[in-house]
Amino acid sequence: MAKTKSAFFCQNCGAQSPRWIGKCPSCSEWNTYVEEIVNTKPEKKLWSKADGKKNKAAAPQVLSNVSITDDHRMAIPDKELNRVLGGGLVYGSLVLMGGEPGIGKSTLLLQLALKLKNQKVLYVSGEESEQQIKMRADRLQLKNDELYVLTETSLENIFAQLAHLEPSLVIIDSIQTVFTEKIESSPGSVSQIRECAAELLRYAKETSTPVFLVGHITKDGTIAGPKVLEHMVDTVLQFEGDRHHVYRILRAAKNRFGSTAELGIYEMQGAGLQEVANPSAVLIANREESLSGVAIAATMEGIRPLLIETQALVSSAVYGTPQRSSTGFDLRRLSMLLAVLEKRCGFRLGTKDVFLNIAGGIKVEDPAIDLAVICAVLSSSEDMAIPPKYCFAAEVGLSGEIRPVTRVEQRISEAEKMGFEKMIISKYNKKGLDISRFGKIEIKTVSRVEEVFQLLFG
Ligand code: TYD
Ligand code: MG
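Because the structure is a prediction, the values reported are computed rather than measured.

1. Some points on the overall build of the protein
Line of reasoning, step 1. When helices and strands are tallied, the protein shows 11 helices and 23 strands.
Line of reasoning, step 2. With the principal axes as the frame, the protein shows a C-alpha extent of 85 × 50 × 50 Å.
Line of reasoning, step 3. Put simply, the protein has 458 residues, and 47% of those count as buried.
Line of reasoning, step 4. Considering only contacts in the protein between residues 6 or more positions apart, those separated by 24 or more positions represent 67%.
Line of reasoning, step 5. With the model as given, the accessible surface of the protein reaches about 22,500 Å², and the carbon-plus-sulfur share is 51%.
Line of reasoning, step 6. Taking the average location of the 56 positive side-chain charges in the protein and that of its 55 negative ones, the two points are 4 Å from each other.

2. Remarks on the site of ligand 1
Line of reasoning, step 1. Taken together, 16 residues lie near ligand 1, and Gly102, Ser106, Thr107, Gln269 and Gly272 sit nearest.
Line of reasoning, step 2. Contact distances for ligand 1 include 3.0 Å between an oxygen atom and a backbone N or O atom of Gly104.
Line of reasoning, step 3. The separation between an oxygen atom of ligand 1 and a polar side-chain atom of Ser106 is 2.5 Å.
Line of reasoning, step 4. Compared with its free state, where it exposes 560 Å², ligand 1 has 75% of that area covered by protein.
Line of reasoning, step 5. Of all the elements in the fold, those that place two or more residues in the shell around ligand 1 are helix H2 (105-115), helix H3 (130-140) and strand E13 (263-269).
Line of reasoning, step 6. A class-by-class count of the residues in the shell around ligand 1 yields 5 nonpolar, 7 polar and 4 charged.

3. Details of the packing of helix H8 (residues 331-345) against helix H9 (residues 370-382)
Line of reasoning, step 1. In contact at an axis separation of 10 Å, H8 and H9 are set at 60° when each is read in the N-to-C sense. Judged on the interaxial angle alone, H9 and H8 are oblique. The two elements H8 and H9 meet at a crossing, and its hand is right-handed. The residues of H9 that touch H8, namely those facing Arg333, Leu334, Leu337, Leu338 and Leu341, are Asp370, Val373, Ile374, Val377 and Leu378.

4. Regarding the pairing of strand E11 (residues 235-240)
Line of reasoning, step 1. The buried fraction of E11 is high, at 5 of 6 residues.
Line of reasoning, step 2. Direction of pairing for strand E6 (residues 94-99) relative to E11: parallel, over a ladder of 5 bridges. Paired with Leu96 across the bridge in E11 is Val236.
Line of reasoning, step 3. The hairpin turn running from E11 into strand E12 (residues 247-255), its antiparallel successor, is 6 residues long, and Gly241 in that turn takes a positive phi close to 140°.

5. Notes on the packing of aromatic side chains
Line of reasoning, step 1. Scanning the model with the defined rule gives 4 aromatic pairs in all.
Line of reasoning, step 2. Where Phe239 meets Tyr266, the ring centres are 6.0 Å apart and the plane angle is 85°; that geometry is what we call edge-to-face. Of this pair, Phe239 sits in strand E11 while Tyr266 sits in strand E13, placing them 27 residues apart in sequence. Each member of the pair, Phe239 as well as Tyr266, carries the same accessibility label: buried.
Line of reasoning, step 3. Every member of this aromatic cluster is reached through a ring pair, and the members are Phe347, Phe453 and Phe457.

6. Re the side chain of Glu309
Line of reasoning, step 1. Assignment of secondary structure puts Glu309 in strand E16 (residues 304-316).
Line of reasoning, step 2. With a relative accessible area of 2%, Glu309 lands in the buried category.
Line of reasoning, step 3. Side-chain polar atoms of Glu309 contact the side chain of Gln311, separated by 2.9 Å.

7. Observations regarding the environment of Lys23
Line of reasoning, step 1. Relative to the helices and strands, Lys23 is located in the loop between strand E2 (16-17) and strand E3 (33-39).
Line of reasoning, step 2. We classify Lys23 as partly exposed; its relative accessible area is 40%.
Line of reasoning, step 3. When sequence neighbours within four positions are dropped, the list of residues in contact with Lys23 reads Ser28, Glu29 and Trp30.

8. Description of the environment of Ser426
Line of reasoning, step 1. By the element assignment, Ser426 lies in strand E22 (residues 422-426).
Line of reasoning, step 2. When its relative accessible area of 0% is taken as the criterion, Ser426 is described as buried.
Line of reasoning, step 3. Residues Ser426 and Glu395, spaced 31 residues apart in sequence, show a C-alpha to C-alpha distance of 8.1 Å.
Line of reasoning, step 4. For Ser426, the residues in contact, after removing those within four places along its chain, are Ala393, Ala394, Ile402, Arg403, Pro404, Thr445 and Val446.
Line of reasoning, step 5. Of note is the side chain of Ser426, whose polar atom sits 2.9 Å from the backbone oxygen of Ile402.

9. Here we look at the nonpolar core
Line of reasoning, step 1. Leu371, Phe392 and Leu456 are the most contacted members of the largest nonpolar core, which has 47 residues in total.
Line of reasoning, step 2. If one sorts the elements of this core by residue count, H9 sits on top with 8 residues.
Line of reasoning, step 3. There are two domains that each give this core at least three residues, and those are domain 2 (74-277) and domain 3 (282-457).
Line of reasoning, step 4. Residues within four places of Leu371 in sequence aside, it is in contact with Phe392, Ala394, Val396, Ile402, Ile424 and Val452.
Line of reasoning, step 5. If you look at the next biggest cluster of nonpolar residues, it comprises 32 residues, including Ala113, Val121, Leu147 and Leu273.

10. Focus: H8
Line of reasoning, step 1. Taking 1.5 Å per residue as the helical rise, H8 with its 15 residues ought to reach 21 Å, and the 21 Å between its terminal C-alpha atoms agrees with that figure.
Line of reasoning, step 2. For H8, the secondary structure elements touched by its buried residues are strand E17 (324-327), strand E18 (352-358), H9, strand E20 (395-396) and helix H11 (449-457).
Line of reasoning, step 3. Backbone geometry just downstream of H8 places Gly346 in the positive-phi region, at approximately 70°.

11. Considerations on the pattern of salt bridges
Line of reasoning, step 1. Within the structure shown, the criterion is met by 22 salt bridges.
Line of reasoning, step 2. The residue Lys417 makes a salt bridge to Glu414 at a minimum N-O spacing of 3.2 Å. Here Glu414 and Lys417 lie together in helix H10 (residues 408-417), a separation of 3 residues that amounts to about one turn.
Line of reasoning, step 3. Among the residues examined, Lys417 registers a relative accessible area of 63% and is labelled exposed.
Line of reasoning, step 4. In this structure Glu414 comes out as buried when scored by relative accessible area, which is 6%.
Line of reasoning, step 5. Among the charged side chains, a network of salt bridges with common partners joins Arg333, Asp370, Glu395, Glu401 and Arg403.

Thresholds, definitions, all that
Residues numbered from 1 in each chain as written. Chains lettered and ligands numbered in written order. Predicted model: local features only at pLDDT ≥ 70, side-chain atom pairs only at ≥ 80, totals over all residues. Heavy atoms only, no water. Helix = DSSP H or I, 4+ residues; strand = E, 2+ residues; numbered from the N terminus. Buried < 20%, exposed > 50% of the residue type's maximum accessible area, 1.4 Å probe, protein only. Contact = heavy atoms within 4.5 Å. Areas by Shrake-Rupley, 256 points an atom, 1.4 Å probe, with all protein chains shown as cover. Lys, Arg positive; Asp, Glu negative; His and termini not counted. Charge placed at Lys NZ, Arg CZ, Asp CG, Glu CD. Near = heavy atom within 4 Å. Polar contact = N/O pair within 3.5 Å; in protein donor to acceptor, adjacent residues only side chain to side chain. Nonpolar A, V, L, I, M, F, W, Y, C, P; charged D, E, K, R; others polar. Axes fitted to C-alpha atoms, helices over the stretch in contact; angles between N-to-C directions. Parallel < 35°, antiparallel > 145°, perpendicular 65-115°, else oblique. Left-handed = near helix turned anticlockwise from the far one by under 90°. Pairing = 2+ DSSP bridges. Phe/Tyr/Trp six-rings, centres within 6.5 Å; stacked < 30°, edge-to-face > 60°. Core = buried A, V, L, I, M, F, W, Y, C linked by side-chain atoms within 4.5 Å. Domains from an automatic or database assignment. Expected span 1.5 Å × (residues − 1). Salt bridge = Lys/Arg side-chain N within 4 Å of Asp/Glu carboxyl O.

Okay, here's the thing in structure tokens:
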């Protein structure tokens, strides 16, 4: 008889210990160790000999014989998701989608399942009943006669249904609710998640069926469960956005089959998530009058240019310590830019409150937004509006120099397309730039922060 052995696992990071400990040495969280039964019985079958023809994902091939047709990817009827996945869903891939509660993970995946035509899809939910899923589908106003739903949390039962149904796509909502009888700990615990994900991975690879897993996230934004879960899956998608805003952003945090720089933008509407085909148009408000403290930045998200409105408010500090607050932009970077303004342009911002907001609830990491942030702050501080139809794209360095950015042509084209008339970029970006390509837009170059101020407000 095999002995049952138990070990303690950190529920936060998955670290293992033979004894209970109060503080996890690996992730420094307190009180996260829970005892779980470890199966010491040797597995009967660690691998099974799969049919070589059926198992396209795992069969070795001579690399030079691999054809680069796209038939190893399933085209999905969602342009944004398609792009984030790297141009379609790879057969046999395991995709983990994480995001805060209520952000729209279930909606996005159900919508995908409903839109897929002529393909059998199984949507397994451990969180909602069939009726609730039906109500959601009605709300989405979509219908698919080949979509099967199953409310089940036992992995053994799910596999039995999968063997019977043989769907072309499987969605598991969520990995934290499924459990296998092989392990005696409760659903959602580290060893359950790890074991279930490993089994699902094996299923995906052996049958070449793509599987979507929904994952909960912890309060610091990482996917709940062991870190090894993210290593196991092929793609980790993050669905984020402010719940109070309508825009949702889908990013790939890891993608074995594509770039992680891509971004999908959705708008949450009454009838589900709508793809935003032209994000620049919705992110910048079309105003009649010009307001102070607003500047438009031409940023890049992946290979896609995106025009973003940065808004700043600078006012005298009412309380002793001036406040610095920023939404959608790194606060430390804002402090740095303010220090540059103080040192290089002589602005006394030390006694002012500065608030910065990126419109639309979007988070921006592209450093090309720096110049627009500086201009928005200057504009608000002087209470002078930036002349209309101006757009900015440059990074700002510590000594106040305006640094070049990547893919400047694409940014200029996007600004031109959106009707901007003047674009301000770094002097160092001008080298090799064919200005004659751009007809209507006038390109101005600057090399120092002081020049920008001169240029805008004279
Ligand atoms: P949901 O997909 O249940 O989130 P998750 O699975 O990530 O927890 O998202 C539900 C939210 O989306 C809920 O607050 C209501 C909203 N919603 C809409 O605004 N429109 C819709 O058509 C649907 C289905 C949901
Ligand atoms: Mg859900």
